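# Secondary and tertiary structure notes
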Amino acid sequence: MTSGEADVTATEEKPARLISGPGMLLVWLYGVMVVGAVSRSAYQIATEFDRAPLAYSLSAVAGLVYGFITYSLVRGGETARKAARVCCAAELAGVLIVGTWTLVEPSAFPDATVWSDFGMGYVFIPVLLPISALYWLRRTTRQGDAA
């Protein structure tokens, strides 16, 4: 193997970074959301699950989704990028569905979820974050294609 082949192999094995520039802010925000959603839902499930099981379960699911997206962004590489895009799209769908559901049928949610009212309790970060992440992932894909 020549030194040129070794350089190409080393380049192919290292995943493309997704957390440069604004990507680092996304990782930080998703990390904060993981802590907020998981700790909130864990406490609520442990202490008052019978009060609002759907809301608390949805908050737990949101925390898991945030955690997976955070991991994917940090991991990097094309497979992680695709997984993050799918999860961000699912997250956005969840926020829109649950947000609409909480407005149309508030009695279904005796207590709020992370995604209630489109994330109003979290300063609308739950609806803005997946949109920003999808934009960032699309933008970094284009930059990678141009390189």
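Quick caveat, the model's predicted, so the values are computed rather than measured.

A separate point is the packing of aromatic side chains. This model, assessed by the stated rule, comprises two aromatic pairs. With a centroid separation of 5.9 Å and 50° between ring planes, the pair formed by Y30 and Y66 is classed as tilted. Highlighted residues: Y30 in helix 2 (residues 22-48) and Y66 in helix 3 (residues 53-75), separated in sequence by 36 residues. Under the relative-accessibility criterion, Y66 is labelled buried at 0%.

It is worth spelling out the confidence of the model for the protein at this point. Looking at the protein, pLDDT values average 86 and 83% of them are 70 or higher. Taken element by element, the protein is modelled with least confidence in helix 1 (residues 3-13), mean pLDDT 51, and with most confidence in helix 4 (residues 78-104), mean pLDDT 94.

On to helix 4. Taking 1.5 Å of rise per residue, the 27 residues of helix 4 would be expected to cover 39 Å, and the 39 Å separating its terminal C-alpha atoms lies within 8% of that figure. Taken together, the buried positions of helix 4 are occupied by A80, R81, A84, C87, C88, E91, L92, G94, V95, V98, G99 and T102.

Quick look at helix 3 now. Taking 1.5 Å of rise per residue, 23 residues should cover 33 Å, and helix 3 covers 33 Å from first to last C-alpha, within 8% of that figure. Inspection of helix 3 places A55, Y56, L58, S59, A62, G63, V65, Y66, I69, T70, S72 and L73 among the buried residues, and these make up the whole buried set. Within two residues after helix 3, G76 carries a phi angle of roughly 75°, on the positive side.

Attention shifts here to unusual backbone geometry. Even without being a glycine, D117 presents a positive backbone phi close to 50°. Note on placement: D117 falls in the loop between helix 4 and helix 5 (125-146).

We now examine the environment of V65. Positionally, V65 belongs in helix 3. Taking the C-alpha atoms as reference, V65 lies 8.7 Å from A90; in sequence the two are 25 residues apart. Those residues in contact with V65 that sit more than four places away from it in its chain are C87 and E91.

The next thing to look at is the side chain of T102. Mapping T102 onto the fold places it in helix 4. Looking at T102, its side chain comes within polar contact range of the main-chain oxygen of G99, at 2.8 Å. When neighbours within four sequence positions are excluded, T102 is seen to be in contact with F109, S116 and D117.

The next subject is the packing of helix 3 against helix 4. Where helix 3 meets helix 4, the axes come as close as 9 Å, and the angle between the chain directions of the two elements is 155°. On the basis of the axis angle, helix 3 is roughly antiparallel to helix 4. In this structure, the crossing between helix 3 and helix 4 has a hand that is left-handed. Touching L54, L58, V65, Y66, F68, I69, S72 and R75 of helix 3 are A80, A83, A84, C87, C88, E91, V98 and W101, all from helix 4.

The rules behind these values
Residues numbered from 1 in each chain as written. Predicted model: local features only at pLDDT ≥ 70, side-chain atom pairs only at ≥ 80, totals over all residues. Heavy atoms only, no water. Phe/Tyr/Trp six-rings, centres within 6.5 Å; stacked < 30°, edge-to-face > 60°. Helix = DSSP H or I, 4+ residues; strand = E, 2+ residues; numbered from the N terminus. Buried < 20%, exposed > 50% of the residue type's maximum accessible area, 1.4 Å probe, protein only. pLDDT = per-residue confidence, 0-100. Expected span 1.5 Å × (residues − 1). Contact = heavy atoms within 4.5 Å. Polar contact = N/O pair within 3.5 Å; in protein donor to acceptor, adjacent residues only side chain to side chain. Axes fitted to C-alpha atoms, helices over the stretch in contact; angles between N-to-C directions. Parallel < 35°, antiparallel > 145°, perpendicular 65-115°, else oblique. Left-handed = near helix turned anticlockwise from the far one by under 90°.

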